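# Fold and geometry: a report
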Number of protein chains: 6
Amino acid sequence: MSKVVAFGEIMLRFSTERHLRFSQAKAFTASYGGGEFNVCVSLANYGINAEFVTRLPENEIGYCAVQEMRKMNVESKSIVYGGERLGTYYLETGAGTRGSNVVYDRAHSSMATIQKGDIDWKKVLEGATWFHFSGISAAISQSAAEACLEAVQIAHELGLTISCDLNYRSKLWQYGKAPSEVMPELLKYSHVILGDIDTAYFMLGIPKVNPNYQDEKSLPALYSKLYELCPNLKTVATTLRYSVSASHQRIGGVLFDGKTIFNAAVQEVTPVIDRVGSGDAFMGGLIYGLVEYKEDKQKALDFAVAACCLKHTIAGDYNLVTLKEVENMAGGNSAGLVSR
Amino acid sequence: MSKVVAFGEIMLRFSTERHLRFSQAKAFTASYGGGEFNVCVSLANYGINAEFVTRLPENEIGYCAVQEMRKMNVESKSIVYGGERLGTYYLETGAGTRGSNVVYDRAHSSMATIQKGDIDWKKVLEGATWFHFSGISAAISQSAAEACLEAVQIAHELGLTISCDLNYRSKLWQYGKAPSEVMPELLKYSHVILGDIDTAYFMLGIPKVNPNYQDEKSLPALYSKLYELCPNLKTVATTLRYSVSASHQRIGGVLFDGKTIFNAAVQEVTPVIDRVGSGDAFMGGLIYGLVEYKEDKQKALDFAVAACCLKHTIAGDYNLVTLKEVENMAGGNSAGLVSR
Amino acid sequence: MSKVVAFGEIMLRFSTERHLRFSQAKAFTASYGGGEFNVCVSLANYGINAEFVTRLPENEIGYCAVQEMRKMNVESKSIVYGGERLGTYYLETGAGTRGSNVVYDRAHSSMATIQKGDIDWKKVLEGATWFHFSGISAAISQSAAEACLEAVQIAHELGLTISCDLNYRSKLWQYGKAPSEVMPELLKYSHVILGDIDTAYFMLGIPKVNPNYQDEKSLPALYSKLYELCPNLKTVATTLRYSVSASHQRIGGVLFDGKTIFNAAVQEVTPVIDRVGSGDAFMGGLIYGLVEYKEDKQKALDFAVAACCLKHTIAGDYNLVTLKEVENMAGGNSAGLVSR
Amino acid sequence: MSKVVAFGEIMLRFSTERHLRFSQAKAFTASYGGGEFNVCVSLANYGINAEFVTRLPENEIGYCAVQEMRKMNVESKSIVYGGERLGTYYLETGAGTRGSNVVYDRAHSSMATIQKGDIDWKKVLEGATWFHFSGISAAISQSAAEACLEAVQIAHELGLTISCDLNYRSKLWQYGKAPSEVMPELLKYSHVILGDIDTAYFMLGIPKVNPNYQDEKSLPALYSKLYELCPNLKTVATTLRYSVSASHQRIGGVLFDGKTIFNAAVQEVTPVIDRVGSGDAFMGGLIYGLVEYKEDKQKALDFAVAACCLKHTIAGDYNLVTLKEVENMAGGNSAGLVSR
Amino acid sequence: MSKVVAFGEIMLRFSTERHLRFSQAKAFTASYGGGEFNVCVSLANYGINAEFVTRLPENEIGYCAVQEMRKMNVESKSIVYGGERLGTYYLETGAGTRGSNVVYDRAHSSMATIQKGDIDWKKVLEGATWFHFSGISAAISQSAAEACLEAVQIAHELGLTISCDLNYRSKLWQYGKAPSEVMPELLKYSHVILGDIDTAYFMLGIPKVNPNYQDEKSLPALYSKLYELCPNLKTVATTLRYSVSASHQRIGGVLFDGKTIFNAAVQEVTPVIDRVGSGDAFMGGLIYGLVEYKEDKQKALDFAVAACCLKHTIAGDYNLVTLKEVENMAGGNSAGLVSR
Amino acid sequence: MSKVVAFGEIMLRFSTERHLRFSQAKAFTASYGGGEFNVCVSLANYGINAEFVTRLPENEIGYCAVQEMRKMNVESKSIVYGGERLGTYYLETGAGTRGSNVVYDRAHSSMATIQKGDIDWKKVLEGATWFHFSGISAAISQSAAEACLEAVQIAHELGLTISCDLNYRSKLWQYGKAPSEVMPELLKYSHVILGDIDTAYFMLGIPKVNPNYQDEKSLPALYSKLYELCPNLKTVATTLRYSVSASHQRIGGVLFDGKTIFNAAVQEVTPVIDRVGSGDAFMGGLIYGLVEYKEDKQKALDFAVAACCLKHTIAGDYNLVTLKEVENMAGGNSAGLVSR
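What comes next is a walk through the structure. (Residues numbered from 1 in each chain as written. Chains lettered and ligands numbered in written order. Predicted model: local features only at pLDDT ≥ 70, side-chain atom pairs only at ≥ 80, totals over all residues.)

### Re the overall build of chain A
What counts here: Elements are defined by DSSP. Helices are runs of H or I of four residues or more, strands are runs of E of two residues or more, and each kind is numbered from the N terminus. Here the contact rule is simple: place C-beta atoms from the backbone, and any two residues whose C-beta atoms are within 7 Å are in contact.
Helix and strand counts for chain A stand at 11 helices and 14 strands. Within chain A, counting contacts between residues at least 6 apart in sequence, those at least 24 apart form 69% of the total.

Structure below.
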């Protein structure tokens, strides 16, 4: 039976409601999320054993994060405690022509100050079949990047499938290293990579083939490059996102297995309740699809795209949908009928 | 002067706000509604005397339901008390590709355990001109179906106009009888029937003419069948609903008076604030139109469709609009201008 | 350095949330706004010194209005106190085919009972470069109209640029005078006028050139008339608004500087979070554009239209956006991307 | 069977929650209340037919007030429409050493501009047995005082029992007459008067017997005076209130029937959820007691005091308690046990 | 290491906020709780392995209950699914002289329709050291009582310590049996019983020794009787509760170990945030104390009383406190100092 | 005219409502506060010019803090921008025996990373008459302590009155220095010191005279010591706080002017809405009293105690009361009467 372990940061998110701007808010909705944790929630929702590993401050706010993990059926037993604070971020959800706005307050978090050796990865990964990480751990601090590499290397030694969501964030990478100095080493162990064109080129430090990051035509060239650079790569996928407005997105996806390029039909996503975490929902769907649908890559991709679309209708960071709901949408039922 | 009496169930509805999923809700918005009560509210809003008859538990929650009736100007003086509980249901409002979700908790309600004879219909219907019921009363329990038939028969004896909204719900009809064993007897007294194709065929136990329930082409054949089976039938109508997504509906309507088929222009309805009760809003508009516009069936139909469309913009089960607002929209003003 | 002084009324607004109707509301969201104050907030947000002058009741509710001004960085030092009450209004925000609804409760407000002479305009306008007023002050009472004329005349004497937003409201003008008896005198001192076709003709008391108020073809004729009647007029502008529904507007704009007619591209605005104050947002953007972009009228107009569009995404009366956000949208970036 | 008709003003009340000060509130809780209406709600809760007569503006806010009346089972059929606005008031609920704060915004309300003759009292009072008014109607405007006198005189002619709650408010009485010029004429028809010492002396224009308004010793002298001045007086009562803090009150009561002085035991009331309307709750309880317990004046007084105490635990203007709850407390059960 | 398994019902509770009455609520706060589950949460908070066993409906509302268990670190792996509904109840929190009000809507719940044999107790209790149940399972239905007896008997066979909270509820026991026909059989296997005087006598079917249930003097006689009737009894305890008002309780406790009567000091508890579940908090504290403090019965009792007192300050059914907080209060620190 | 400048940190505070524990909160109320800022708000409310100086991050959250300052009429023109984050803290408000709980998340804030020289104190203090700081600035970081000393020294050179609230927080002082290494240097310039016994001894590094920090008898000895150590000292004051429970405090105060010890009557404070900031309220009241009442030290002390008491009834960090309200309470009116 599959068991996925993800490593990364979980944050407390403060969001305004009803599209209020920060300065209008007398209260913030509190929820917990983070790229790799969100992937775990997706997998748990689909019935896959999922464990999340991170470092948390030993205070009530850290314990609240653990309660959320338990509530979402994500295993939390290997979490380590220490450091000063839980990373937080502020979110103001846009509408129409006004985009959403994120203010990070994650510097000096317990996860950012994690050290290589803090986690006993041999023990943690015992019995696991898949290890997932993202470019964010590499982006928050030197020591987190090192801790991540340690995990990846042990996962590799133990023969786990390794997946990475490149997840480039321009406001991170503040510790003095460029992504291209750090990511290639992490990616060379990866079997599955999710990333868009710009991100990929940027993180790999190779010149862009094409200036338009949404141009599907440049994907084949990118994918070839990735296969060249990452000796273990089996699958690479890309979320296609066309933003009509903050409230209206068009979502598609592409997957390459080294031989064939698969395309998923573009879906209209409107209104957008919350698009934060929709890439993580894609990643979660992709892992599920690769694990469960094995050789049917088209089905895996369609599942990932359907999961990503549904996420846009869910408030909060992670994708609170059932397996049946995603299957239903992946199967073409997207009319939003009432169930009663 | 017209006086409409409706018989059915009123429930306490618990809904999540802002498209939250059930598991995200720390609170539920409480409101009261139910198919036949919703029709009464529409009629009261349009200035028609409306009375609602049901059975309620004798506790504070039952009294709250009565307060809601009074607030909405629906006569409640003939309500009987008894039984264990007020039926409830949980509603999670969808968005975009994610449909709304209803979890019923209405079994064993005071209305489901009503018995034939609990209500003195001769007295209740004194002075009334119209009796309305729906397929829901027949669906919740054997004894409620019997109590409903008793009401229909007395209404028939007293010469009232009788209307029925077929209102098929797949999650009901759990007591061992098929709709086709129960509904024909109830419908044979009805002068006005509201129902879509599938529902009608299913409830009447006749084979489907056409597999596509939204196919307007199959309506004439259905209508002919209904006229054959229901000797008192004067008007049959159908809400046409095309679901683009949970947030975008297209609403039209068809009415047949035995001679002519009337069609209403299809309206774009987006966003959808709350589509629960939109069929009841159509029914309320239809009764109003038939009562007030008498021979102008097109105007009656247009009024019903306009009422139905407006309902989608109103939170809660019933259609909180004024006569003037519906007339305005039925008259073609649907641009949503500010009134100031 | 520019300093804009605006004169008008600030009101406490009670609005229902989540598109609830008045009768569903157990609570009203309280905010403060008013046409001329909203213009001040826009200007303060863009970095222009802005002062708002009004008359307030000397009670806690009046003080709350002053706190709001201070919070928004609008100078409040010349406000005078007296009278019985702060004007209020109730707002129910529509959706789709259901329009928003405003119920004014502003009669007998402290501003409506202001008297000519209550404000020492010579002192107030010292150091100011621009004076702004709107047709609303002229519409609420005879004495407010007189107080407004006094201000305009002193602003004229002091050589300030004077702007007027015609702002016709059919529910006002209840004190026995027609707009055409009052407005021309006020407008003859104005250098900048914002108004749509109907309003302009109505306020000037001249017969309509064309029955369709949104018909851009009739604008040149209107503009010529205005230039004829207003000897100081330098710039006249018009917001073009096509209402698809309460949730979907199309916004454009036209500006005439006596020589050239400038047009701004029409923008899709959907969803509409709150359209109240979007005309004031246009006015604020226009003043900013005329002050900062000087001879580049096209840029001024584009800025005004962008500001107006963005306002539709902001809850509350005034336009809570930064200079950078408006510039960004005026520059063509309206896809609502996430900033993170 | 008894039927009580009350005449007065109903207002929309805006209150802050959780003891917030006005300047902290982003939202106000909206509820409806007013001295005489609150009495009606109490009576309706106890099973007495109660009708409320007032004048309302013909707008959505006025209709909301009517919905509230219907919800509370208070007859609203004789209400007249007209005027500009529903009176409102703002309430900030204190705690401990900080008192509650009321800001009235009721000037120019539809009720304040009512005219003698607006209501057909002969028709309205047909079938009624009791007429209730308060000093507030006399305090808001000259024309309201006249309309009130008209009602009192017709009630007198028709032989109804007439009750008056003196209800002195220092912020009212702004129209140029002193209470002592207006109240005696109204009181001379009254059979039941509720009032404390200061109020009574002030309203009657007689010198104070004793400087301490809470001094029970001065009550006999006051009562004698009242009997002298009011030829129809049968019962006079006084709420005794000792304010420990805004959160802790001690409530007692005194009743004089011309022969005997009855005293009710003082009750500890803490915490205070909302003390507004607690005097009206006493009045409602007193009317009920006088009607139902007839000669048992002690029981009537105890019921009134119990009702008054319970009101302090209810949010909103009126006393949302059942007959059984008041009887229970009047019978000595005040320990606040859970019912389950 | 200790592991406690509890069997009972978990319900969805709908409570009004800020002491609102049911009829004032537009929303209900949703939380999950139930006597035996509440005990599990207490134990998990104190670091004891706790598992809750029940029967839930297979729908989203049932899943929400499981999420709550997981969040609170209560093992849910042995839960069985089936039946129609999750039991619910409505709670209106009183204040001062107005008591709280509970309206149960738990009839026909999945737990009430559980059958003997539905749960594989041998497997469930493997590794457990303690089994806890309460009189509520015996009170809701015949089949639940039988299922409970089955569990108790198997726990007995397996040599677990068995505890029972008598938990008498007058609104339950509707299925035709008296407590005294059912409880003795259940109690004869119990080692620990929590119950007050009235309850105990009533449930055991023996005549009352003393009419005053709070009279500590009658406890010795009761305890003797219990020891006589329950051959396995080791410890019996009683919560002493003196209700000054709904907002002010005085809480003490008594424990008898067959030899000595231990008394805990009475604590002032004011204000009361939520007293529902305070008995369960005592029970949870008692089990913890008996397990951890073993022979120090006084310490066990003091811990139980401290836990009970703290529960009154926590909203919701269960006692959300840490071990350290209870120890701190049991140690005499009850001044509510700020921790910062 | 007096002008007070305060230097310190302003934080964003996240608090749960209705006494919820952190783990129960789905939302946090956001407000802004901090010891020295709170003093400024008090002074501004009493009509004293007050300016707050701090260092803020240049992001939307930092700007929100400035808006709050402006709203409260506290001058913010000398604030400097830089650093990574606004300090935050989490607050869970206790009740009864459960104390409030503060979780600080203020490490690495923009204020903690301020450097000596960041602020041009000569310019900032021009025209000021009073400088206020507290022990918190010295406690958060070495560089903040140095920046504070710089400010104090320049204030001293410019001849300002200097006040310090010792404000000891055990969770701060993490940067490697003991208070007694840092505070004496800061205090030697101070004219006014507020502090309790323990704090004072601890901060001054002198052995305790008496073990009970609330023992008024040890105050004279402490005061003598302080006068010895602080050559500029004119006034020293102490808040006396007896905590009955988290909901009930008894507040008194002592002041020593080098000659006489003044005592204020102890006040009962119950319920406690929010005690955070009550010490700052005392400080604000004390400065006001010393400035306005000059030689009447008793009056100054009584004013400070009254302000402190009232603060306990106000939600949020700072004391939102008017001068009149404090005067009223200082004058003996603490019964919490309704103003209407």
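Next, the rest of the story.
### Notes on the sheet that holds strand β7 (residues 88–92) of chain F
The strands that make up a sheet pair up through hydrogen bonds in the backbone, lying either parallel or antiparallel. Our working definition: If DSSP finds at least two bridges between two strands, the strands pair. A fitted line through C-alpha atoms serves as each axis, taken over the contacting stretch for helices, and the angle formed by two N-to-C directions is quoted from 0 to 180°.
Strands sit in the order β8(A)-β7(A)-β2(A)-β3(A)-β3(F)-β2(F)-β7(F)-β8(F) across an open sheet of eight strands; the sheet is mixed. This sheet does not close on itself; its edge strands, each paired only once, are β8 (101–105) of chain A together with β8 (101–105) of chain F. With direction set aside, neighbouring strand axes in the sheet form an average angle of 30°. Bridging between strand β2 (residues 11–15) of chain A and strand β3 (residues 27–33) of chain A involves five bridges; their strand directions are antiparallel. Paired with Ser15(A) across the strands is Thr29(A), a residue of β3(A).

### Points about the relation of the copies chain E and chain F
Which entries qualify depends on this criterion: Alignment of the copies relies on least squares applied to C-alpha atoms, considering only residues that score at least 70 for pLDDT in both.
The transform that puts chain E on chain F rotates by 120° and translates by 0.0 Å along the axis, for an RMSD of 0.0 Å. The relationship between the two copies is best expressed as a three-fold rotation axis. A distinct binding surface is used by each copy, with only 5% of the interface residues of chain E retained as interface residues in chain F.

### Looking at the packing of helix α9 (residues 278–292) of chain B against helix α10 (residues 297–311) of chain B
Residues and elements named next belong to chain B. As a reminder, the rule being used: Working definition: roughly parallel below 35 degrees, roughly antiparallel above 145 degrees, roughly perpendicular at 65 to 115 degrees, and oblique for all remaining angles. Each crossing is labelled by how the near helix is turned from the far one, with a counterclockwise turn of less than a right angle marking it left-handed and a clockwise turn marking it right-handed. Only Asp, Glu, Lys and Arg are considered charged, only Ala, Val, Leu, Ile, Met, Phe, Trp, Tyr, Cys and Pro nonpolar, and every remaining residue, Gly among them, polar.
At a closest axis distance of 7 Å, the pairing of α9 and α10 adopts a crossing angle of 150°. Comparing their axes, α10 and α9 come out roughly antiparallel. Seen along the crossing, α9 lies across α10 with a hand that is right-handed. On the side of α9, the interface is formed by Ser-278, Ala-281, Phe-282, Gly-284, Gly-285, Leu-286, Tyr-288, Gly-289 and Leu-290, while α10 contributes Lys-299, Ala-300, Leu-301, Phe-303, Ala-304, Ala-306, Ala-307, Cys-308 and Lys-311. For the contact of α9 with α10, the per-class residue count stands at 12 nonpolar, four polar and two charged.

### A look at the pairing of strand β10 (residues 161–165) of chain D
All names here are of chain D. For the record, the criterion: Labels follow a simple rule on C-beta atoms placed from the backbone: if 20 or more others lie within 10 Å of a residue's own, it is buried; if 12 or fewer, it is exposed; otherwise it is partly exposed. Looking down the strands as they point away from the viewer, one classifies a crossover as right-handed if the path from the first strand across the helix to the second runs clockwise.
The element β10 is largely enclosed, with a buried count of five among its five residues. Relative to β10, strand β9 (residues 130–134) runs parallel, the two being bridged by five bridges. Counterpart to His-132 in the pairing with β10 is Ser-163. Sheet analysis places β10 next to strand β11 (residues 192–194), joined by three bridges and oriented parallel. What sits directly across from Ser-163, in β11, is Val-192. The parallel pair β10 and β11 is bridged by helix α6 (residues 179–187), and the resulting crossover is right-handed.

### A word on the interface of chain E and chain F
The interface is formed by 21 residues belonging to chain E together with 24 residues belonging to chain F. Partitioned by chemical class, the residues of the side of chain E that touches chain F number 12 nonpolar, seven polar and two charged.

### Some points on helix α7 (residues 197–204) of chain D
Residue and element names in this part refer to chain D. Across the eight residues that make up α7, a large majority, seven, are buried. Of all the residues in α7, the buried ones are Ile-197, Thr-199, Ala-200, Tyr-201, Phe-202, Met-203 and Leu-204. Downstream of α7 by a residue or two, Gly-205 has a phi angle that is positive, lying close to 70°.

### Examining the packing of helix α1 (residues 35–45) of chain A against helix α9 (residues 278–292) of chain A
All names here are of chain A. Direction vectors running N to C along α1 and α9 enclose 45°, while the axes themselves pass 8 Å from each other. In terms of axis orientation, α1 runs oblique to α9. In this structure, α1 meets α9 at a crossing whose hand is right-handed. Taking contact as the criterion, the partners of Gly-35, Asn-38, Val-39, Ser-42 and Leu-43 in α1 are, on α9, Asp-280, Ala-281, Met-283, Gly-284, Gly-285, Ile-287 and Tyr-288.

### Quick notes on the sheet that holds strand β14 (residues 261–269) of chain E
Residues and elements named next belong to chain E. Pairing within the open sheet is mixed, and its eight strands lie in the order β4-β1-β9-β10-β11-β12-β13-β14. Edge positions in the sheet fall to β4 (49–53) and β14, since each of these pairs with one other strand and no more. On average, each strand axis in the sheet is inclined to that of its neighbour by 15°, with strand direction left out of account.

### Overview of α9(B)
In plain terms, the rule: The span you would expect from a helix comes to 1.5 Å times its residue count less one.
Taking 1.5 Å of rise per residue, the 15 residues of α9(B) would be expected to cover 21 Å, and the 21 Å separating its terminal C-alpha atoms lies within 8% of that figure. Of all 15 residues making up α9(B), 13 are buried, and the element is well covered by its neighbours.

### Regarding the environment of Leu323(D)
All names here are of chain D. Here Leu-323 shows up in helix α11 (residues 323–330). Distance in space between the C-alpha atoms of Leu-323 and Gly-285 is 9.6 Å, their sequence separation being 38 residues. Residues within four places of Leu-323 in sequence aside, it is in contact with Asn-45, Tyr-46 and Gly-47.

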